[in-house]
Structure formats: structure tokens, C-alpha cells
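# Remarks on the overall topology
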There are 2 protein chains.
Amino acid sequence: MIGIVAKLKVKPGSEAAFEAAFQELAAAVRKNEPGCKLYDLFRKAGEAGTYYVQEQYTDKASADAHMKSDHFRAAGAKLAPTLAAAPEIVNLEKVG
Amino acid sequence: MIGIVAKLKVKPGSEAAFEAAFQELAAAVRKNEPGCKLYDLFRKAGEAGTYYVQEQYTDKASADAHMKSDHFRAAGAKLAPTLAAAPEIVNLEKVG
């Protein structure tokens, strides 16, 4: 299993637009990506505008397919204007 | 839902001991904590000795109970000597 932890910083005032666009993406991921086993968005407690995503994919091919999917690219166009900085992505490999 | 992303740095040469102790803890968590919905250990790709944990709990009470559990305290005693630094814990609140 492949894991990803992504950290996203959102511009002040863009939180609602970011969350709406991200949840639309998450719904498309769950509907269209059988290899994606976890795709959950979180707010950092006590730090407005900072978000984390916990992701899990059955294998690298599924993780790569996610990044290349039409719904991911379409969401990127909506999300980009809400972000204060480039996302920080940590690539992981499950133990056991 | 409450989320946690934990980053752990392990001393060179202690990776196997760390992984064994952590997986023993994870088994106890899954067996004894119905409020814990995710407790998965990952290696950071391309960076030996750096680990991440993705955690989810149904509510704050369940997350607090995890930290106070006997199995968590017992595991801490085994894990502490394998760590190169204090764990970095990010507390999260699920969106939606």
C-alpha cells in the first residue's frame, strides 16, 4: 500500500471555496478510483487555513492514475486560486 | 472524526526494533480501541528512518483514551529507545 500525507495552505477567506472544491474532488475519487482506499481532508486544529489530506492507494499505479485523472486535473484548476503556497506532499510506503 | 498525522525519526540501526514494537502496538490498538478507525504506519519513501502514522478516531474522547491506554504506555517504553527525536504530532479535525 502506498500512502500520501499532503499539507495545504489556503488563502485567508478562501477556506469555504477550497473545502467545497476539495470535497467535490474527493467524491469523484471515491466514485472513480477503486485503487484509492483513503482520501480524507482535515483541518489542522487551532491553525485556520492549514489542511492535511490522508491518502492510501493499493499500489503505485493507482497513485499515479490519481494524479493523471481528469477529475484531479479539473479540481486542480479550481483549487489552485485558493492556495497560499504549493502543496507539500510526503510519499509513503506502508509497513507490514 | 479526529485525525492525527505523526512523524517519527528513528535512530540508524533501530528501524527493525521500532517497526516490530510499533506493529505490536498497532495490533493492540485495533483489538482494544473501537473508537480508533485508522492506525497505519508508513516509511517515508527515499528517507530511511523517517516514519509517518495516519490515525483516525471517532471523537476526541477516543483519541484521548488511546494516549492513556495501557498498551500505548507499554509500547512507549519499547519505542522510546529507538527514536532519534521527539515525535511530531499534528492534530486534525475531519472536514465534512
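Here goes a summary of the coordinates provided.

### What about the nonpolar core?
By size, the foremost hydrophobic cluster in this structure holds 22 residues, and its most contacted members are Phe18, Phe22 and Tyr39 of chain A. Of all the secondary-structure elements, those providing two or more residues to this core are strand E1 (2-9), helix H1 (15-32), strand E2 (36-44), strand E3 (50-57) and helix H3 (70-79) of chain A. Among the elements that line this core, the one with the most residues is H1 of chain A, at six residues. Once residues lying within four places of it in the same chain are set aside, the contact partners of Phe18 of chain A are Leu8, Val10, Leu41, Tyr51, Leu79, Thr82 and Leu83 of chain A. Within the second largest apolar cluster, 21 residues are counted, among which are Val95 of chain A together with Leu25, Ala26 and Leu83 of chain B.

### Some words on the state of the cysteines
As enumerated under the stated definition, the model contains zero disulfides over all chains in all. We note that Cys36 of chain A lacks a disulfide partner, and the nearest cysteine sulfur, in Cys36 of chain B, lies 19 Å from it. Relative accessible area serves as the criterion here: at 13%, Cys36 of chain B is assigned to the buried category.

### A few points about the relation of the copies chain A and chain B
The two copies are related by a screw motion: chain A maps onto chain B through a turn of 180° and a shift of 0.0 Å along the axis, at an RMSD of 0.0 Å. Such a combination of turn and shift is consistent with a two-fold rotation axis. Across chain A, the rotation axis passes nearest the C-alpha of Gln54 of chain A, at a separation of 3.4 Å. When the interface residues of chain A are mapped onto chain B, 100% of them again lie at the interface, so the same face is used by both copies.

### Some details on the packing of aromatic side chains
Residues and elements named next belong to chain A. For the structure on display, the rule yields six aromatic pairs over all chains. Centroid distance Phe18 to Phe22: 5.9 Å. Interplanar angle 40°. Geometry classified as tilted. You can see Phe18 and its partner Phe22 sitting in helix H1, four residues apart, about one turn around the helix. The two residues Phe18 and Phe22 agree in class, both being buried. Taken together, a centroid distance of 4.6 Å and an interplanar angle of 50° make the contact between Phe18 and Tyr51 tilted. Separated by 33 residues along the polypeptide, Phe18 in helix H1 and Tyr51 in strand E3 bring together distant segments of the chain.

### Some remarks on the side chain of His66 of chain A
Residue and element names in this part refer to chain A. Secondary-structure assignment places His66 in helix H2 (residues 60-68). A polar contact is formed between the side chain of His66 and the side chain of Glu33, at a distance of 3.0 Å. If we skip the residues at most four places from it in the chain, His66 touches Val29, Glu33, Tyr39, Glu55, Tyr57 and Phe72.

### Thoughts on the interface of chain A and chain B
Taken residue by residue, the interface counts 25 residues in chain A and 25 residues in chain B. Interface area for chain A against chain B, summed over the two sides, is near 2200 Å², with a carbon-plus-sulfur share of 60%. Broken down residue by residue, the surface that chain A buries against chain B is led by Phe42, Gln54 and Val95 of chain A, which jointly contribute 28%. Taken together, the connections running from chain A to chain B amount to two salt bridges. With a closest N to O distance of 3.1 Å, Lys94 of chain B and Asp40 of chain A form a salt bridge. Scanning the region where chain A abuts chain B turns up 18 residue pairs in polar contact (both at pLDDT 80 or more). Broken down by secondary-structure element, the contributors of at least two residues to the side of chain A that touches chain B are E1, H1, E2, E3 and strand E4 (88-94) of chain A. Ranked by residue count, the leading element in the side of chain A that touches chain B is E2 of chain A, at six residues. Partitioning the side of chain A that touches chain B into residue classes produces 12 nonpolar, six polar and seven charged.

Analysis parameters
- Residues numbered from 1 in each chain as written.
- Chains lettered and ligands numbered in written order.
- Predicted model: local features only at pLDDT ≥ 70, side-chain atom pairs only at ≥ 80, totals over all residues.
- Heavy atoms only, no water.
- Core = buried A, V, L, I, M, F, W, Y, C linked by side-chain atoms within 4.5 Å.
- Buried < 20%, exposed > 50% of the residue type's maximum accessible area, 1.4 Å probe, protein only.
- Helix = DSSP H or I, 4+ residues; strand = E, 2+ residues; numbered from the N terminus.
- Contact = heavy atoms within 4.5 Å.
- Disulfide = S-S within 2.5 Å.
- Least-squares fit on C-alpha atoms with pLDDT ≥ 70 in both.
- Phe/Tyr/Trp six-rings, centres within 6.5 Å; stacked < 30°, edge-to-face > 60°.
- Polar contact = N/O pair within 3.5 Å; in protein donor to acceptor, adjacent residues only side chain to side chain.
- Buried area = accessible area lost by both parts, 1.4 Å probe.
- Salt bridge = Lys/Arg side-chain N within 4 Å of Asp/Glu carboxyl O.
- Nonpolar A, V, L, I, M, F, W, Y, C, P; charged D, E, K, R; others polar.

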